[in-house]
2 protein chains.
Amino acid sequence: MSRSLGRISKMLLGVASLPSCGTPVTREPVRRCCVRNMGLPWPFSFQPRDFSLPNSSWGSEMMRLYEHYNSQCEVETEGGERRRGPWRRLPSYNRSLKYATGGVYLSKLIQSKARFFTRNMRAPGAAFEYVIFANKEEQKCVCVFQAGHLLEGQPGFVHGGATATMIDNVTGAHAIYTSGLVMTANLNINYRSPIPLGSTLLIESCLDKKEGRKVFVSCKVTSTDGSKLYTDATALFLSVTVGNLLGA
Amino acid sequence: MSRSLGRISKMLLGVASLPSCGTPVTREPVRRCCVRNMGLPWPFSFQPRDFSLPNSSWGSEMMRLYEHYNSQCEVETEGGERRRGPWRRLPSYNRSLKYATGGVYLSKLIQSKARFFTRNMRAPGAAFEYVIFANKEEQKCVCVFQAGHLLEGQPGFVHGGATATMIDNVTGAHAIYTSGLVMTANLNINYRSPIPLGSTLLIESCLDKKEGRKVFVSCKVTSTDGSKLYTDATALFLSVTVGNLLGA
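The model shown is predicted, which means the values in this text are computed figures rather than measured ones.

Participant: What is the right way to look at the relation of the copies chain B and chain A in this model?
Facilitator: Both copies of the chain are tied together by a single rotation about an axis and a shift running along it. When chain B is fitted onto chain A, the two copies agree to an RMSD of 0.0 Å after a turn of 180 degrees and an axial shift of 0.0 Å. Given the turn and translation reported, the copies of this chain are related as if by a two-fold rotation axis. No C-alpha of chain B lies nearer the rotation axis than that of Asn188(B), which sits 2.1 Å from it. A high fraction, 100%, of the interface residues of chain B reappear at the interface in chain A, so the copies pair face to face through one surface.

Participant: So what exactly am I meant to see when it comes to helix 4 (residues 160-179) of chain B here?
Facilitator: Each α-helix winds once per 3.6 residues, and so residues spaced three or four apart point in a common direction. For helix 4 of chain B, spanning 20 residues, the distance from its first C-alpha to its last is 28 Å, which sits close to the expected 28 Å at 1.5 Å a residue. For helix 4 of chain B, the tally of buried residues reaches 19 of 20 residues, placing the bulk of the element in the interior.

Participant: Would you explain the environment of Ser218(B) in this entry?
Facilitator: All names here are of chain B. Mapped onto the elements of the fold, Ser218 is located in strand 8 (residues 214-223). Between the C-alpha atom of Ser218 and that of Thr234, which follows or precedes it by 16 residues, the distance is 4.3 Å. Residues in contact with Ser218, not counting those within four places in the same chain, are Glu204, Ser205, Cys206, Asp208, Ala233 and Thr234. Among the polar contacts made by the side chain of Ser218, one reaches the side chain of Asp208 at a distance of 3.1 Å.

Participant: What is the right way to read the side chain of Ser193(B) from this model?
Facilitator: Residue placement: Ser193(B) occurs in the loop between strand 6 (182-191) and strand 7 (200-211). A polar atom in the side chain of Ser193(B) sits 3.4 Å from the side chain of Lys228(B).

Participant: Any chance you could explain the interface of chain B and chain A here in plain terms?
Facilitator: Interface size is commonly expressed as the accessible surface area that is lost when the partners come together. Taken together, the 51 residues of chain B in the interface contact 51 residues of chain A. Carbon and sulfur atoms supply 63% of the area buried between chain B and chain A, which totals about 4300 Å² over both sides. Per-residue buried area on chain B facing chain A is highest for Phe117(B), Gln154(B) and Pro155(B); these three make up 16% of the total on that side. Along the contact surface separating chain B from chain A lie zero salt bridges.

Participant: Is there a simple way to think about unusual backbone geometry in this case?
Facilitator: Trans peptide bonds make up most of the peptide bonds, and negative phi angles are found at most residues other than glycine. All names here are of chain A. One non-glycine residue with positive phi stands out, namely Gln139, at about 55 degrees. Mapped onto the fold, Gln139 is located in the loop between strand 4 (128-135) and strand 5 (140-147). Among the residues examined, Gln139 registers a relative accessible area of 39% and is labelled partly exposed.

Participant: When you look at the pattern of salt bridges in this model, what are you seeing that I'm missing?
Facilitator: Side chains carrying opposite charge are able to pair once their charged atoms draw close together. This model, assessed by the stated rule, comprises 16 salt bridges over all chains. Of the charged contacts in the structure, one is a salt bridge between Lys209(A) and Glu211(A), with a shortest N-O distance of 3.3 Å. Linking Arg64(B) and Glu61(B) is a salt bridge whose minimum nitrogen-to-oxygen distance equals 2.9 Å. Taken together, the residues span about one helical turn, with Arg64(B) and Glu61(B) both in helix 2 (residues 60-70) at a distance of three residues. Residue Glu61(B) is classed as partly exposed on the basis of its relative accessible area, which comes to 26%. Taken together, the salt bridges that share partners define one network made up of Glu74(A), Glu76(A) and Arg82(A).

The rules behind the values
- Residue indices follow the written sequence of each chain, beginning from 1 at its first position.
- The lettering of chains begins at A and the numbering of ligands begins at 1, in the order of writing.
- Only residues with pLDDT of at least 70 are given local features in this predicted model, and only at 80 or more are side-chain atom pairs given and counted; all residues enter the totals for whole chains, interfaces and linings.
- By convention in this description, side-chain values take in all heavy atoms of the structure and omit both hydrogens and water.
- A residue counts toward the fit only if its pLDDT is at least 70 in both copies, and the copies are then superposed by least squares on the C-alpha atoms of those residues.
- Pairs of residues are marked as contacts when any of their non-hydrogen atoms sit within 4.5 Å.
- In DSSP terms, a helix is any run of H or I states spanning at least four residues, a strand is any run of E spanning at least two, and both are numbered starting from the N terminus.
- Expected helix span is taken as 1.5 Å per residue step, with the number of steps being one fewer than the number of residues.
- The buried label goes to any residue with under 20% of its type's maximum accessible area, the exposed label to any with over 50%, and the partly exposed label to all in between, with areas taken from a 1.4 Å probe on protein chains only.
- Distance and chemistry together define a polar contact, namely a pair of N or O atoms within 3.5 Å, with one atom able to donate a hydrogen and the other to accept it when in protein, and with adjacent residues in sequence counting only for side-chain atoms on both sides.
- Note on definitions: buried area is the accessible-area loss of two parts on being combined, 1.4 Å probe, summed for both.
- Salt bridge, as applied in this entry: a Lys or Arg side-chain nitrogen positioned within 4 Å of an Asp or Glu carboxyl oxygen.

Next comes the structure, spelled out in structure tokens:
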């Protein structure tokens, strides 16, 4: 996969390009909602909001887990220099069409208004609040997810579609992180127990195997201490080209 | 299933109670957004907005299909009287907690602000626009779905989670329509082709079988003329009691 293809593929699912492993980084203070300039050429060099950073709606459990994984995104070397650690926080944006033109079926009107499904709400905490961390060596992703009040299905519980959405999101980001551009081919989801609205949850995904264009990822949704399993799932993704995706 | 349980169960998934089969009905003009008083005791007798009725965002294909199925919701007898036809339009609301207290895990704040996931947007046409029709005799449901610009996944296409959400919604409404209160136990979804954002689609569900508490429903998402298959799925639901649901 070329560097540019990798960069585009990560952006398309709201996963921005990351500095290469080993690059010294600057520590970002928690709750500071700035974003890094990603070093992209104009007209891509504006600073979009990174939704994976903390906001005022994040509860204490969400913040605790964010800080736990975020602190492992950089480590201190013996010489006192800070370097990338085993985990990466995956930035997340709400407008993929800002980065890649295409969508041949869309009218100009729809293009300009289009928003990424899980980031389409302005009100913090109302719907999907989440941050995804990836660990390349362990072939794992962890998502800390806070389910807002607009995700209701049965009274007081999260809609099965909202859970499916987060599973597609996390396993999809994982597949893109390891394999470049992909499309979902199958989701098989077992709902073990209804998830109370307002919960903070862990969604953990694991890369099971890669066979040609196929990427197999499994996933489970649990309480933050891992003691209660709410949902488990398997996901299959197919690698695609930018041409496939943009309808070229 | 008792009459009251049936009424509650249909409301919990946004499917209001319907007049019994054979009752003469009044024709509702298309695009008139009134709703019928459902005969509920105070404080339930306000008139919530029925999101399954047409609004200004519905395109011509959406309207054509709505009118096609809606016209079969009542038929004219030889005596000129209008009676229920083979199809039912399932009303759809955005606040299940207005009807049923519960959600033991919820704070009062979240309860008052909670909205049904697929009906949580005020702007018409922005996200999920859909209407579900049920045919009890044929054990089928048909949903006409218009995918708004806030449902984006890959650029220009509908997010896999949004498609999963609609599949859960339609098969779930179908299971509730035939079997009372249910919870989703499994969704197995095959994504055959990406769905262009802004599309109008048909989602057809079929009741496969019932075994004890288990309700098996299959489903496919196609173009409105049925010529292109975008997604197919199977869904398993488990019958539950109101007590299960409300955490009693």
